[in-house]
Amino acid sequence: MKSGHGREIAFLSGVLPETSHAFAEKNMSIDQLIARHIGDDVRFPSIHAALQTGIRMVWNANGVELKPFTNPEKMFEHLFLNLSEQAKREQVQTLERNSSILDAVGEQFADVKSRASVADRERLDQFGTSIRELEQRIQTRHDWVGRDKPEYDISHHLQGEATIIRRYNAIFDMVAYAFQTDLTRVATIAFPNELGYTDVNGVTRGYHACTHNGKDEQVVSELVAIESFQIEQLSRFMKQLDEIDEPNADGSLLDHTVILFGSGMGYGGTHSNRNLPILVAGGGFNHLGHVDTRSPAGNNMPLCNLFVTLMQRFGIERDRFNLSTGSFDLEYA
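All of these numbers come straight from a predicted model, not from anything done at the bench.

Analysis parameters
Residues numbered from 1 in each chain as written. Predicted model: local features only at pLDDT ≥ 70, side-chain atom pairs only at ≥ 80, totals over all residues. Heavy atoms only, no water. Buried < 20%, exposed > 50% of the residue type's maximum accessible area, 1.4 Å probe, protein only. Helix = DSSP H or I, 4+ residues; strand = E, 2+ residues; numbered from the N terminus. Arc of directions from axis to C-beta. Contact = heavy atoms within 4.5 Å. Polar contact = N/O pair within 3.5 Å; in protein donor to acceptor, adjacent residues only side chain to side chain. Salt bridge = Lys/Arg side-chain N within 4 Å of Asp/Glu carboxyl O. Core = buried A, V, L, I, M, F, W, Y, C linked by side-chain atoms within 4.5 Å. Pairing = 2+ DSSP bridges. Axes fitted to C-alpha atoms, helices over the stretch in contact; angles between N-to-C directions. Parallel < 35°, antiparallel > 145°, perpendicular 65-115°, else oblique. Left-handed = near helix turned anticlockwise from the far one by under 90°. Nonpolar A, V, L, I, M, F, W, Y, C, P; charged D, E, K, R; others polar. pLDDT = per-residue confidence, 0-100.

Draft legend 1. Highlighting helix α2 (residues 72–80). Within the sequence span of α2, burial applies to Pro72, Met75, Phe76, Leu79 and Phe80. The arc enclosing the buried residues of α2, seen along the axis, measures out at 100°, which places them on a common side. Among the structural elements, β1 (47–50), α5 (155–158) and α6 (164–180) are those in contact with the buried residues of α2. Between the side-chain oxygen at the start of α2 and the backbone nitrogen of Glu73 there is a gap of 2.8 Å, and the oxygen is on Asn71.

Spelled out as structure tokens, the structure:
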């Protein structure tokens, strides 16, 4: 991949949207691939949150971006507020109508496919997969409509001034509780590049401006403060998970949760996407500390190799993911 603005949108996929036609699942991000595999048994296959849109990093199998929740209150309503009985009935009716429409589309699809060329059949197979997945999601939502959500309270985070610290605390707390109560098993949380961090002590400008610092000491110190805040959020979240016992398995929730943290840029000042800072925590892995993944010849390992290893951890029997050249092999380093 080349450097430049916008390349960070391939962080979780390794593939840019404009080149996604060469891949069977387009530029699908690793979180959505895993959610498709393990999300059928929970109310929400995945959750995506940020305090601002900007980093487009979550993509479905059709190459469509999935927008994040940018308002903690809206995210809370989605995750934890129950519908009224009237709203539940209306939602069931809507789901049944959508299911009927899909039935009609499926019949037409079968007829068109029978008359299509070989090349068109391949594209229609992708469309058929999307229809089946949509049918499954509709059925899953239908099953969950009548079930109450777990009770939760984030009011203590939202009282007073709505600072970036309080709002990210609320987001991470909701994800932790959603994991604990098995509302979802996949979540992504982004720190957008244009987000302002003036709530953080010593910071007077946005994240993006700080990455273009010209090695100015004051601007660099603000960048350090911003990234320290991000690491503090991650550390706080991991500590929460580590304090939750897994009732049906040994260890804590952290031991059974794979955490991926990092950036789609190695150095924002030049928009380089080489030498990415990537951290993997939890998940029962035998962690080795810092690992240099360059080959003896100095070639970098594709990040997609790590994604192959992560999805295999979730029981997905595949040995390729987009631009991967293998799995995460420490002999490569």
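Draft legend 2. View of the pattern of salt bridges. Taken as a whole and assessed by the stated rule, the structure comprises six salt bridges. Across the pair Asp173 and Arg236 runs a salt bridge whose closest N-O atoms are separated by 3.0 Å. One end of the pair, Asp173, is in helix α6; the other, Arg236, is in helix α8 (residues 217–242), and 63 residues separate them in sequence. Overall, the relative accessible area of 6% leaves Asp173 in the buried class.

Draft legend 3. Examining the side chain of Gln233 more closely. Note that Gln233 resides in helix α8. For Gln233, a relative accessible area of 3% translates into the label buried. Here the side chain of Gln233 touches Asn169 through a polar contact of 2.9 Å, side chain to side chain. Apart from residues lying up to four places away in sequence, Gln233 is in contact with Ile165, Tyr168, Asn169, Phe172 and Phe191.

Draft legend 4. Region of the structure containing the side chain of Gln230. The topology assignment puts Gln230 in helix α8. We classify Gln230 as buried; its relative accessible area is 6%. Side chain to side chain, Gln230 and Tyr197 meet in a polar contact 3.1 Å long. Those residues in contact with Gln230 that lie beyond four places of it in its chain are Phe191, Tyr197, Tyr207 and Phe261.

Draft legend 5. Layout of the nonpolar core. In terms of nonpolar packing, the biggest core is built from 41 residues, with Tyr168 and Tyr197 touching the most fellow members. Take this core: its biggest share by element is 10 residues, from α6. By size, the runner-up hydrophobic cluster in this structure holds 23 residues, among which are Ala35, Leu306, Val308 and Met311.

Draft legend 6. Region of the structure containing the pairing of strand β3 (residues 258–262). Of the two faces of β3, only one is covered, namely that formed by Ile259 and Phe261; the face formed by Val258, Leu260 and Gly262 stays uncovered. Sheet analysis places β3 next to strand β4 (residues 278–282), joined by five bridges and oriented antiparallel. Residue pairing for β4: Leu260 is matched across the bridge by Val280.

Draft legend 7. Fine view of unusual backbone geometry. A positive phi angle is found at Asp182, which is not glycine, with a value near 60°. With respect to the helices and strands, the residue Asp182 is situated in the loop between α6 and β2 (187–190). Positive phi, close to 50°, is recorded for Asn322, a residue that is not glycine. Within the secondary structure layout, Asn322 lies in the segment after α9 (303–313).

Draft legend 8. Just the packing of α6 against α8, in detail. Put simply, α6 and α8 touch, their axes get as near as 10 Å, and they point 30° apart. With respect to their mutual orientation, α6 and α8 come out roughly parallel. The element α6 and its partner α8 pack so that their crossing is right-handed. Along its contact with α6, which presents Ile164, Ile165, Tyr168, Asn169, Phe172, Asp173, Val175, Ala176 and Phe179, the element α8 presents Phe229, Gln233, Arg236, Phe237, Gln240 and Leu241. Class assignment for the residues of the contact of α6 with α8 results in 10 nonpolar, three polar and two charged.

Draft legend 9. Just the confidence of the model for the protein chain, in detail. Within the protein chain, residue pLDDT values average 81, and 78% of them lie at 70 or more. In the model of the protein chain, helix α4 (residues 118–144) stands out as the element of lowest mean pLDDT, 63, in contrast to β2, which has the highest, 95.

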